[in-house]
Amino acid sequence: VQNKPVTEDCLDCLCETMSGCNASAICVNGACGIFRITWGYWVEAGQLTLPNDTALSEDAFTNCVNQPHCAANSIQNYMYKYGQDCNNDQHIDCLDFGALHKLGYLKCQDELPYFFQKVFQRCLKDKVRLGKGNLIKGKKASST
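Reading guide: rules and limits
Residues numbered from 1 in each chain as written. Predicted model: local features only at pLDDT ≥ 70, side-chain atom pairs only at ≥ 80, totals over all residues. Heavy atoms only, no water. Salt bridge = Lys/Arg side-chain N within 4 Å of Asp/Glu carboxyl O. Helix = DSSP H or I, 4+ residues; strand = E, 2+ residues; numbered from the N terminus. Buried < 20%, exposed > 50% of the residue type's maximum accessible area, 1.4 Å probe, protein only. Disulfide = S-S within 2.5 Å. Phe/Tyr/Trp six-rings, centres within 6.5 Å; stacked < 30°, edge-to-face > 60°.

Q: Explain the pattern of salt bridges here, please?
A: When the charged atoms of two side chains lie near each other, side chains of opposite charge can form a pair. Applying the stated criterion to the full structure yields four salt bridges. We note a salt bridge from Lys127 to Asp12, for which the minimum N-O separation is 3.0 Å. Highlighted residues: Lys127 in helix 6 (residues 114–129) and Asp12 in helix 1 (residues 8–19), separated in sequence by 115 residues. Take Lys127: its relative accessible area is 15%, and that puts it in the buried class. Looking at Asp12, the relative accessible area reads 34%, which means it is partly exposed.

Written out as structure tokens, the structure reads:
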């Protein structure tokens with residue numbers, strides 16, 4: 001994966017918010033892995049596979065999204081492809097990536113579920129408070 005718009009801190013917070021970074025549950029209601037990626041999301045992200053798989057393999061989806069690096073690279077691809085200013089603050093950053101991940105690129109401007117928003121924003125604040133500050137370094141939204 002060449003272009004990686006999502007910081008490690010942002011990925012950490014997506015993982016924490018989606019699953020508590022609990023890798024023991026394989027799939028929950030069709031959403032799999034620590035980031036709870038769906039089959040449709042994986043397809044939109046380019047159907048990444050583990051080295052010994054092909055996209056046509058029956059298990060390619062679950063193998064990838066249950067492997068943290070493959071799953072994270074799928075998120076990077078998805079955000080590179082669909083990254084947009086979901087909250088209209090003139091920046092494309094982790095807040096937007098959270099909305100894109102949870103709601104999808106067609107609905108990322110909708111209201112986030114309360115629990116998701118609360119946990120995600122608390123995680124982001126904790127990262128900033130701990131001096132990481134590597135969350136809100138997004139690119140300027142292009143005015144089209």
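Still more ground to cover, so stick around.
Q: What exactly am I supposed to notice about the state of the cysteines here?
A: Evaluated as defined, the whole model comprises six disulfides. Covalently, Cys86 is tied to Cys108 through a disulfide, its sulfur atoms 2.1 Å apart. Its torsion about the S-S bond being -95°, the disulfide of Cys86 and Cys108 is classed as left-handed. Placement of the pair is Cys86 in the loop between helix 4 (68–82) and strand 3 (91–92) and Cys108 in the loop between helix 5 (94–103) and helix 6, with a sequence separation of 22 residues. Taken individually, Cys86 and Cys108 each receive the classification buried, so the pair is uniform in this respect. Shown here for the protein is a disulfide pattern of 1-10, 2-12, 3-4, 5-6, 7-8, 9-11, where each number marks a bonded cysteine counted in sequence order.

Q: So what exactly am I meant to see when it comes to unusual backbone geometry here?
A: Most of the time, phi is negative for any residue but glycine, and the peptide bond is trans. Phi is positive for Asn88, which is not a glycine, with a value near 55°. On the secondary structure map, Asn88 appears in the loop between helix 4 and strand 3. Taking relative accessible area as the criterion, Asn88 reaches 52% and is therefore assigned exposed. Unlike most non-glycine residues, Gln90 shows phi in positive territory, near 70°. Tracing the backbone shows Gln90 in the loop between helix 4 and strand 3.

Q: How do you make sense of the packing of aromatic side chains when you look at a structure like this?
A: What characterises a pair of aromatic rings is the spacing of the ring centres plus the angle enclosed by the ring planes. Per the stated rule, a full pass over the model turns up six aromatic pairs. Taking the centre distance of 4.9 Å and the plane angle of 55° together, the rings of Tyr78 and Tyr82 count as tilted. Remark: Tyr82 and Tyr78 occur in helix 4; sequence separation between them is four residues, near one turn of the helix. Look at Tyr78 and you get buried, because its relative accessible area is 3%. Assessed through its relative accessible area of 12%, Tyr82 is described here as buried. Between Tyr82 and Tyr105, the aromatic rings sit 3.8 Å apart at their centres with planes inclined by 10°, giving stacked as the arrangement. Of this pair, Tyr82 sits in helix 4 while Tyr105 sits in the loop between helix 5 and helix 6; the two residues are 23 residues apart in sequence, bridging distant segments of the chain. These aromatic residues form a ring-pair network of at least three members: Tyr41, Tyr78, Tyr82 and Tyr105.

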